[in-house]
Amino acid sequence: MRSRPRRIRRVVLAMLAMLLVAGTAGACSGSSSDRKLLVWTQLGGERELKAQNLVIDAFEKANPGVKVQIVPKSGQFTGDSAALIAAVRGNTPPNVYIIDRFTTAQAASVGLFEDLQPRIDKDGENLRSKYLPYAADEATYKGDMYALPFDTDVRGLMYNKTVLRDAGIDPEVLDPKNGPPTIDEVIALGKKMDKKDKRGNYTRMGFIPWDGQAFHATWAIINRAKWFDDKTCELTLNSPGWTKAMQDFADWAKEFDYTRVQTFLATYRPPNQPPTQSPFYTGHIGMAVDGNWSVGSINEYAPKLDYGVTYLPVPKKGDKPLTWAGGFALTMPKGAPNQDLTWKFMKFMAGEQGQRIYAKSASKIPTWQSLVNDKSVTGDQGIFPSMVKFTTSRPPLPVGAQISDSMDAAQQAVLLGDSTPAEALSIAQNRAGPQMKQFCPFKLPTHPE
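Because the structure is a prediction, the values reported are computed rather than measured. (Residues numbered from 1 in each chain as written. Predicted model: local features only at pLDDT ≥ 70, side-chain atom pairs only at ≥ 80, totals over all residues. Heavy atoms only, no water.)

(A) Local environment of the sheet that holds strand β6 (residues 148-152). Taken in spatial order, the six strands line up as β2-β1-β3-β15-β6-β16 in an open sheet, and their pairing is mixed. Two strands bound the open sheet, and with one partner strand each, they are β2 (67-72) and β16 (365-366). As judged from the two bridges shared by β6 and β16, these two strands associate in the antiparallel manner. In the strand pairing of β16, aspartate 151 is matched with proline 366. (Pairing = 2+ DSSP bridges. Helix = DSSP H or I, 4+ residues; strand = E, 2+ residues; numbered from the N terminus.)

If you want it as structure tokens, here you go:
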């Protein structure tokens, strides 16, 4: 009768021992959830996703047992953070959120991101100095870094040499060795390439000065517009540079006949058009303001295209080259789990190793300064990487998205003739200006020109 209780006792002790061992093993190895990372990315293009996954593969290989899942999360408009807001408020944020770097300050200002500066200071690596200055500036809010710059882009004037020759123009006139062309020169060259049918409809256009990347931000930067006054903490969207940009839009809309131009674009760039039929590739547009990302598209969809790239047009002959850049950045959402492992991943992906892999695969320009002139990383992008030395960015304001949306509306109103430049800019100022006041006092970061 005594043997049965003893057997029960031995079974119970054995089970307890097994549980103790299992618990100890769990404490040593960590739960599987502690080795998983979730990344949301606004870089959702096919080429970009493939390149990001290559970076993730390299990180997982260097960190056995870690698994990283990446999910595309593109917004519906500039600065759209609806999905992230819901996740942060619901205490279910991803580990990393890759965003349009221009919107960092805006999202940080409403508490969506962890401040990375304490981690950067603790590491003692002077991490900010590793990045291109303008990219690092865009990743800050009130002096602290809230993001790690990941890639960048540069804008220039692309020209179809075949179209130029057909119009009797020697493409050498746009060779970058001649320096930047003036705005008037580009407009004049474009007119020589224009063709119309018997009814006056365009069948070819040399240059459309409001199309694509030739939008308000580009012309504002060309005209050295002022966006913000540090002393008064006020937006300055009706400053002379902005006024010049909007007045040019008004003049060009009349000069080229805005309605006929839009009809031309609807004909030669209809919705859902195959990328191989881009009017720049097919010779229906001679020149266009575009960015380095287009090089990869040309290599894929129009590899035989005879084209060149020069600097953005400038107001006066002899003006120094200038351009502007955007790009993306890695952020850590507020309340993200596994923050130490998340930080390790962020530094890898946005660091030298990750950017080398990504930039080469996606035909992008890295923000890691030592890689910009590395031909093994950026070798197929022509003069674009060399433009980085005179590149700036849109001011990293916490109302950047509101400014962008307001200026979109202003540009459209001016082109349609619904508003004068002064009226359109006044509306934009009144729309975005008051929203800036809630963040005052505020000063923009500075870096050498």
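(B) View of the packing of helix α2 (residues 46-62) against helix α13 (residues 339-349). Where α2 meets α13, the axes come as close as 10 Å, and the angle between the chain directions of the two elements is 125°. Here α13 runs oblique to α2, going by the angle between their axes. As α2 packs across α13, the resulting crossing turns out to be right-handed. Between α2, through Gln52, Val55, Ile56, Ala58 and Phe59, and α13, the contact on the second element is made entirely by Leu341, Lys344, Phe345, Phe348 and Met349. (Axes fitted to C-alpha atoms, helices over the stretch in contact; angles between N-to-C directions. Parallel < 35°, antiparallel > 145°, perpendicular 65-115°, else oblique. Left-handed = near helix turned anticlockwise from the far one by under 90°. Contact = heavy atoms within 4.5 Å.)

(C) Examining the domain arrangement of the protein more closely. The domain boundaries assigned to the protein delineate domain 1 (36-153 + 325-393) and domain 2 (154-324 + 399-438). Using only C-alpha atoms to locate each centre, domain 1 and domain 2 end up separated by 28 Å. Contacts between the two partners involve 21 residues from domain 1 and, on the opposite side, 27 residues from domain 2. Overall, the association of domain 1 and domain 2 removes approximately 1,900 Å² of surface from exposure, summing both partners, and the carbon and sulfur fraction of that is 65%. Three residues, Asp153, Phe384 and Phe390, lead the burial of domain 1 against domain 2; their summed loss comes to 31% of the area buried on that side. On the surface where domain 1 and domain 2 come into contact, there are two salt bridges. One salt bridge connects glutamate 300 with arginine 47, and the closest N-O pair in it is separated by 2.7 Å. Run the count over domain 1 and domain 2 and you get six residue pairs in polar contact (both at pLDDT 80 or more). Partitioning the side of domain 1 that touches domain 2 into residue classes produces eight nonpolar, nine polar and four charged. (Domains from an automatic or database assignment. Buried area = accessible area lost by both parts, 1.4 Å probe. Salt bridge = Lys/Arg side-chain N within 4 Å of Asp/Glu carboxyl O. Polar contact = N/O pair within 3.5 Å; in protein donor to acceptor, adjacent residues only side chain to side chain. Nonpolar A, V, L, I, M, F, W, Y, C, P; charged D, E, K, R; others polar.)

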